Amino acid sequence: QQQQQQQEYQESTEDSVLLLHDAGKCKPCLFAHTKTGCCNGDACQFCHLKHRSRAPRPSRSTRNRYKQIVANVKETARTTEVLQSFAKRHTYIERLLTQEIEKRTRSGR
């Protein structure tokens, strides 16, 4: 009976991991897909499923330039549309825009 309970627990855990993974809310294990693999195996608290690779972080000068662009944008329908299409391709800009919108909302601009 204890073995059956352990199997049921493992199956329910696997189901919840899949749900989190499909929703994009899991945290990938940094070691799962390396040459040596994850030493924690089934006990690992991170996701061992394949994830798409993240784009490299922009350089400091690029990040500073993006920050200046976002801070100096005058909000019009056209600029909002352009920035949204640009943000879809650049996650760093997307994050900056989200922060700027929140900041402007709080300040009432």
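Note: the structure precedes this text.
What you are looking at is a predicted structure, and each value in this text was computed from that prediction instead of being measured.

**Q** Give me the environment of Lys-67: which residues, what numbers.
**A** Relative to the helices and strands, Lys-67 is located in helix α2 (residues 60-71). Separated by 33 residues in sequence, Lys-67 and Glu-100 have C-alpha atoms that sit 9.4 Å apart. If near-sequence neighbours (up to four positions away) are discounted, Lys-67 is found in contact with Tyr-92 and Leu-96.

**Q** Give me the lowdown on the nonpolar core, citing residues and values where you can.
**A** Formed by Tyr-66, Val-70, Val-73, Leu-83, Ala-87, Tyr-92, Ile-93, Leu-96 and Leu-97, the largest nonpolar core amounts to 9 residues. Looking at this core, the elements that each hand over two or more residues are α2, α3 (77-89) and α4 (91-107). Here this core takes 4 residues from α4, the largest share from any one element. Excluding residues within four positions of it along the chain, Tyr-66 makes contact with Phe-86, His-90, Tyr-92, Ile-93 and Leu-96.

Definitions and cut-offs
Residues numbered from 1 in each chain as written. Predicted model: local features only at pLDDT ≥ 70, side-chain atom pairs only at ≥ 80, totals over all residues. Heavy atoms only, no water. Helix = DSSP H or I, 4+ residues; strand = E, 2+ residues; numbered from the N terminus. Contact = heavy atoms within 4.5 Å. Core = buried A, V, L, I, M, F, W, Y, C linked by side-chain atoms within 4.5 Å. Buried < 20%, exposed > 50% of the residue type's maximum accessible area, 1.4 Å probe, protein only.

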